[in-house]
Amino acid sequence: MTINIKNMVCPRCITAVRAILVSMGFTVEKITLGEAVITDSLSKEQLIVLASHLQAEGFELLDDPRSCLVEQIKTGVLQWVRMNSPRPKLADYISDTVHRDYSSLSKLFSQVKGMTIEHFAILHRVEYAKELLSYSQHSVSEIAYTLGYSSPAYMTSQFKQQTGMSPKEFREMKTKNRLHLDEI
């Protein structure tokens, strides 16, 4: 049985969800961002208890097909942003990952989230840039190319548009203002 879960945005989330499922006695086949596959079938009562345990840890059980698709898109964007290899076009990657036509995915995402997939990707790229600026010694140029920007100037422009400051100004700040990925 496949269970779709909202707010799974990192490896620690996967570990937390696995712990919940195992503590409830379920056999976990596979867990990825946004999805868990278990060998067991769940009764209505078990689903309610599982939803309660997930909610206590900041997750949400998804049963609406539209919400599941939006979560798959969000997961795809996160994977695309953090790719180490050369990135394909975002639209191609999302379409291939979710196995749906990009234009319909884009329309659905905009209706549900109130922003385009591209804007969502920009927000995540900027958050990843903040992380790299905070915790690495890489230059702005190296970070720009790591994030798949065509130039450091383009990254700086998007970064400044989203944060109001340049990457250099952000790096020099004493207190770094970063968002939780599930808040984007």
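Now for a look at the structure at hand. The shown structure was predicted, so the numbers you read here are calculated from the model rather than taken from an experiment.

Here is what the cut-offs are and how they apply
- Residues numbered from 1 in each chain as written.
- Predicted model: local features only at pLDDT ≥ 70, side-chain atom pairs only at ≥ 80, totals over all residues.
- Heavy atoms only, no water.
- Helix = DSSP H or I, 4+ residues; strand = E, 2+ residues; numbered from the N terminus.
- Buried < 20%, exposed > 50% of the residue type's maximum accessible area, 1.4 Å probe, protein only.
- Areas by Shrake-Rupley, 256 points an atom, 1.4 Å probe, with all protein chains shown as cover.
- Lys, Arg positive; Asp, Glu negative; His and termini not counted.
- Charge placed at Lys NZ, Arg CZ, Asp CG, Glu CD.
- Pairing = 2+ DSSP bridges.
- Axes fitted to C-alpha atoms, helices over the stretch in contact; angles between N-to-C directions.
- Contact = heavy atoms within 4.5 Å.
- Phe/Tyr/Trp six-rings, centres within 6.5 Å; stacked < 30°, edge-to-face > 60°.
- Lys NZ or Arg CZ within 6 Å of the ring centre and 35° of its normal.

Let's talk about the overall build of the chain
Within the chain, the secondary structure is distributed over nine helices and four strands. Reading the helices (α) and strands (β) of the chain from amino to carboxyl end gives β-α-β-β-α-β-α-α-α-α-α-α-α. The proportion of buried residues among the 184 residues of the chain is 41%. Total accessible area on the chain stands at roughly 10300 Å², and carbon and sulfur atoms take up 51% of it. Side-chain charges of the chain comprise 21 positive and 20 negative groups, with the mean position of each set lying 7 Å from the other.

Considerations on the sheet that holds strand β4 (residues 60-62)
The strand order across the open sheet formed by four strands is β2-β3-β1-β4, and the pairing between neighbours is antiparallel. Whereas interior strands pair on both sides, the edge strands pair on one side only; in this sheet they are β2 (28-32) and β4. For this sheet the average axis-to-axis angle between neighbouring strands, irrespective of direction, equals 25°. Two strands pair when backbone bridges link them, and strand β1 (residues 2-6) and strand β3 (residues 35-38) are joined in this way by three bridges, in the antiparallel orientation. Bridge pairing in β3 links T2 to V37. Here helix α1 (residues 11-23) sits on the sheet in contact with β1, β2 and β3, set at roughly 155° to β2. With respect to the sheet, helix α3 (residues 65-81) is in contact with β1, β3 and β4, its orientation differing from that of β1 by roughly 70°.

A short note on the packing of aromatic side chains
All chains considered together, the criterion is met by three aromatic pairs. An angle of 65° between the planes, with centres 5.3 Å apart, marks the rings of F109 and F120 as edge-to-face. Of the two residues, F109 sits in helix α5 (residues 102-113) while F120 sits in helix α6 (residues 117-135), which places them eleven residues apart along the sequence. Residue classification places F109 among the buried positions, given a relative accessible area of 0%. Where Y149 meets Y154, the ring centres are 5.6 Å apart and the plane angle is 75°; that geometry is what we call edge-to-face. Classification of Y154 by relative accessible area gives partly exposed; the value is 40%. A cation over an aromatic ring shows up here: R82 above the ring of Y128, its NZ or CZ 4.1 Å from the ring centre. When the ring centre of Y149 is taken as origin, the NZ or CZ atom of R125, which lies over that ring, is 4.0 Å away.

Side note on the side chain of S166
Considering the arrangement of structural elements, one finds S166 in the loop between α8 (152-163) and α9 (167-172). Residue S166 is classed as buried on the basis of its relative accessible area of 16%. The contacts of S166, once residues within four sequence positions are left out, are F159 and K160.

Side note on unusual backbone geometry
Located in the positive-phi region is H99, a residue other than glycine, with phi close to 60°. Here H99 is to be found in the loop between α4 (90-98) and α5. Here H99 falls in the exposed class, since its relative accessible area comes to 67%.

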